[in-house]
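Fold and contact review
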Amino acid sequence: MIRVNFLLATFALISYSQEEANTSQKKNGGWTTLDEERIAQPGPCNIDRVDISTMTFTQKQFIENYAYHRPVVIVKGTDNSKFHAMCEKSQLLEKYGHKVVRLSSANTYSYDKRDVELSHYVDHIMRPQTLDRLGNGKCCYNPTPYSLPNLSAMFSFGVVAAGTGVPFHFHGPGFAEVIYGRKRWFMYPPEKQPAFNPNKTTLHWLMEEYEKLHPSDMPLECTIDQGEAIYFPDRWWHGTLNIDTSVFISTFLG
């Protein structure tokens, strides 16, 4: 009787673990991150967050309050469930695994570029960023329902490992949405250039410099979860850090 109960309990535990794994798989689209690979953690959020499902947020409000002034996080701005399904790991590799992608680093080492198949990148090259390594190098997507006058959109899609990211830089305005995973953003207005080493990763900056910052030098920051998008105004400094294995799409306006 005791042995039978033990076997039943073991079977129930295995079944529960499998169910938990399937739930996790469904949530992250198959883009898993092991706990030991996750060096960086989500941080505080001092950027305005607007949840479209609970409040009215018009194009006029976006222009008047954010477009030319400050960043904003947009939650549930559009329904991208079909695009999320297409970006599941198995679906993406089945349909686009043979496609060639170009790899480069987000620092001085960007001059070294390599062309490889997407499947080879995901299976053999894409791996978590650690402190002893330097950086590596529109279909059914519905962009956020906000825009800037006289500017058109260009999309950029990415699949990256935990701990990777882009050091501080700036360019024109745009939006960045996380499809799977989480991405931590650090931002400064154009007139406040952050102190950083362009040949070190954002992970290095977080672990070595962040805690030393004077309160007046702390960045605006927020961790963007899947299905959320952040707007970055023109020429705002920003650095990014992927908390998990992440899939994302950026909309550059120009």
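Refer to the structure presented above.
1. Quick look at the state of the cysteines
Tallied over the entire structure, the rule returns 1 disulfide. Between the sulfur atoms of cysteine 45 and its disulfide mate cysteine 222 the distance is 2.0 Å. Every disulfide takes its handedness from the sign of the S-S torsion; for cysteine 45 and cysteine 222 that torsion is -95°, giving left-handed.

2. What to know about unusual backbone geometry
Residue lysine 76 is not a glycine yet carries a positive backbone phi of 55°. Looking at the secondary structure, you find lysine 76 in the loop between β2 (72-75) and α3 (81-86). Notably, arginine 235 is not glycine yet its phi reads approximately 65°, a positive angle. Examined against the element boundaries, arginine 235 turns out to sit in the loop between β10 (228-232) and β11 (237-242).

3. Overview of helix α5 (residues 118-125)
For an α-helix, 3.6 residues make a turn, and residues three or four places apart therefore share a direction. Considered for burial, the residues of α5 that qualify are Leu118, Tyr121, Val122 and Ile125. Seen along its axis, α5 keeps its buried residues to an arc of 125°; they face one direction. Among the structural elements, α4 (89-96), β3 (100-103), β4 (114-117) and β5 (153-160) are those in contact with the buried residues of α5.

Cut-offs applied
- Residues numbered from 1 in each chain as written.
- Predicted model: local features only at pLDDT ≥ 70, side-chain atom pairs only at ≥ 80, totals over all residues.
- Heavy atoms only, no water.
- Disulfide = S-S within 2.5 Å.
- Helix = DSSP H or I, 4+ residues; strand = E, 2+ residues; numbered from the N terminus.
- Buried < 20%, exposed > 50% of the residue type's maximum accessible area, 1.4 Å probe, protein only.
- Arc of directions from axis to C-beta.
- Contact = heavy atoms within 4.5 Å.

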